[in-house]
Amino acid sequence: MIVTIIDILLFFMLVMTALAIVNRRRLFSVVMLAGVFSLLTALLFVTMDAVDVAFTEAAVGAGISTVLMLGTIAQTSRREKDPTRSGVLPFFVVAVTGAALVYGTLDMPNFGDPNAPAQLHVGPDYLKNSVEDMDLPNVVTSILASYRGYDTLGETAVVFTAGIGVLLLISGLAGRRRREDEEEN
Amino acid sequence: MQHHLILRVITKLLVSTIILFSLYVQFHGDFSPGGGFQAGVIMAAAFIFYGLVFGLENVQRVFPPWIVHRMMALGVMIYAGTGFFSMFLGYDYLDYNAFAPHHPSHGQHYGILAVELGVLVTVTGVMVAIYYAFAGRPPQVSDEDW
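Cut-offs used in this document
- Residues numbered from 1 in each chain as written.
- Chains lettered and ligands numbered in written order.
- Predicted model: local features only at pLDDT ≥ 70, side-chain atom pairs only at ≥ 80, totals over all residues.
- Heavy atoms only, no water.
- Helix = DSSP H or I, 4+ residues; strand = E, 2+ residues; numbered from the N terminus.
- Buried < 20%, exposed > 50% of the residue type's maximum accessible area, 1.4 Å probe, protein only.
- Axes fitted to C-alpha atoms, helices over the stretch in contact; angles between N-to-C directions.
- Parallel < 35°, antiparallel > 145°, perpendicular 65-115°, else oblique.
- Left-handed = near helix turned anticlockwise from the far one by under 90°.
- Contact = heavy atoms within 4.5 Å.
- Nonpolar A, V, L, I, M, F, W, Y, C, P; charged D, E, K, R; others polar.
- Salt bridge = Lys/Arg side-chain N within 4 Å of Asp/Glu carboxyl O.
- Buried area = accessible area lost by both parts, 1.4 Å probe.
- Polar contact = N/O pair within 3.5 Å; in protein donor to acceptor, adjacent residues only side chain to side chain.
- Domains from an automatic or database assignment.

1. Observations concerning unusual backbone geometry
Here's step 1: The phi angle at A:Asp49 is positive, at roughly 65°, despite the residue not being glycine.
Here's step 2: Relative to the helices and strands, A:Asp49 resides in the loop between helix 2 (27–47) and helix 3 (51–75).
Here's step 3: At B:Leu94, a position not held by glycine, the phi torsion is positive, near 60°.
Here's step 4: On the secondary structure map, B:Leu94 appears in the loop between helix 4 (65–88) and helix 5 (104–135).
Here's step 5: The class of B:Leu94 is buried, set by a relative accessible area of 7%.

Following this line, the structure appears as structure tokens:
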């Protein structure tokens, strides 16, 4: 019961934050509210007992990405441009998409349903064998690092690629501009 | 941010605590929530925090860009190297039982520790490198502009 009330409260605050983000024109407050949004999402993950995910969401969503967005604002503009066209068509598109998503969730299994397809594949084996195989209390670590070690290797490579991509896009340009400036001087 | 005395004192207090917490998340990941990815992000957050308050030059003196860039690749190499090491010992790629054949769960502990270290190094490197890339570009913003 108490969890339901907390969930409703958190979702209510989430929607309020989203509406506040839509209404702001000053991008600084938009970024800060996006951090609040991430933090609320992290709290929702905690109420679902997904603490590892909540941890990541709080650290990445509320922490690092806020700083990166601030860095982006510093490079670009402090204010969002005022809209030149009416918002009726975008609102219609968003409303239809949202309705389709809600309609899609009607077919999904209930939260925590033990017969959900996601719970029936390899999950039970991992949960049953991990204590014997790994002797680790945190089954999330066992799955991530050992059972699905290949996947995590791939994810690490993705993070690495993302870093390389950003470096190529941003640092390269800065260096080229600096060299051009030096040549002009 | 030279004139923000409170911010600077608090930062000095907090940065070391954040790094310590990130190491806790890293090495306690077997027992509690967390692991290499979360620890890497928290570690990077400590350096970014320092950079925000004391400026990019100072944080780059502590954590030079050339180390950061090498860390990005080093982490993936640690991870992939763990796999090659287990292959070298005659087991499958990333089969951690290779590291302690008589006591497989100990081998799993060593393997998980090694790959989590790889994830930590790469994630810290990438996050800090992205921050350096963004913050290193002009124009720098003065406090009043916000």
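So, next bit.
2. A short note on the packing of helix 1 (residues 2–23) of chain A against helix 2 of chain A
Packed helix pairs are characterised by how far apart their axes lie and by the angle those axes make with each other.
Residue and element names in this part refer to chain A.
Here's step 1: Contact geometry of helix 1 with helix 2 gives a least axis separation of 9 Å together with a crossing angle of 160°. Here helix 2 runs roughly antiparallel to helix 1, going by the angle between their axes. For the pair helix 1 and helix 2, the crossing hand works out as left-handed. Residues Ile6, Asp7, Leu10, Phe11, Met13, Leu14, Thr17, Ala18, Ala20 and Ile21 of helix 1 form the contact with helix 2, whose participating residues are Val30, Leu33, Ala34, Val36, Phe37, Leu40, Thr41, Leu43, Leu44 and Thr47.
Here's step 2: Of the residues that constitute the contact of helix 1 with helix 2, the class distribution is 16 nonpolar, three polar and one charged.

3. A look at the pattern of salt bridges
Opposite charge on two side chains lets them pair, provided their charged atoms get close.
Residues and elements named next belong to chain A.
Here's step 1: By the definition in use, this model includes three salt bridges over all chains.
Here's step 2: A salt bridge links Arg25 to Glu80; its shortest N-O distance comes to 3.2 Å. With Arg25 in the loop between helix 1 and helix 2 and Glu80 in the loop between helix 3 and helix 4 (88–106), the pair connects residues that are 55 residues apart, well separated along the chain.
Here's step 3: Residue classification places Arg25 among the partly exposed residues on the basis of a relative accessible area of 21%.
Here's step 4: Judged by relative accessible area, Glu80 falls into the partly exposed class, the value being 35%.

4. A word on the interface of chain A and chain B
Here's step 1: Contact with chain A, which involves 45 residues of that partner, is made by 48 residues of chain B.
Here's step 2: Carbon and sulfur atoms make up 74% of the surface buried where chain A meets chain B, a total of about 4,100 Å² over both sides.
Here's step 3: Of all residues in chain A, A:Phe55, A:Ile64 and A:Gln75 give up the largest surface area on contact with chain B, accounting jointly for 14% of the area buried on that side.
Here's step 4: Inspection of the chain A/chain B interface yields nine residue pairs in polar contact (both at pLDDT 80 or more).
Here's step 5: Among the elements that line the side of chain A that touches chain B, the one with the most residues is helix 8 (residues 149–184) of chain A, at 16 residues.
Here's step 6: Among the residues making up the side of chain A that touches chain B, the classes are represented as 25 nonpolar, 13 polar and seven charged.

5. Structural notes on the domain arrangement of chain A
Here's step 1: Looking at the assigned domains, one finds that chain A contains domain 1 (1–79) and domain 2 (122–185).
Here's step 2: Each of domain 1 of chain A and domain 2 of chain A was reduced to a C-alpha centroid, and the two centroids are 23 Å apart.

6. Some remarks on the packing of helix 3 of chain A against helix 2 (residues 36–54) of chain B
Here's step 1: Close contact between helix 3 of chain A and helix 2 of chain B brings their axes to 10 Å; oriented N to C, the two are set at 25°. Comparing their axes, helix 2 of chain B and helix 3 of chain A come out roughly parallel. Of the two elements, helix 3 of chain A crosses helix 2 of chain B, and the hand of that crossing is left-handed. Facing A:Asp52, A:Phe55, A:Thr56, A:Ala59, A:Val60, A:Ile64 and A:Val67 of helix 3 of chain A, the residues of helix 2 of chain B in contact are B:Phe37, B:Gln38, B:Val41, B:Ile42, B:Ala44, B:Ala45, B:Ile48 and B:Leu52.

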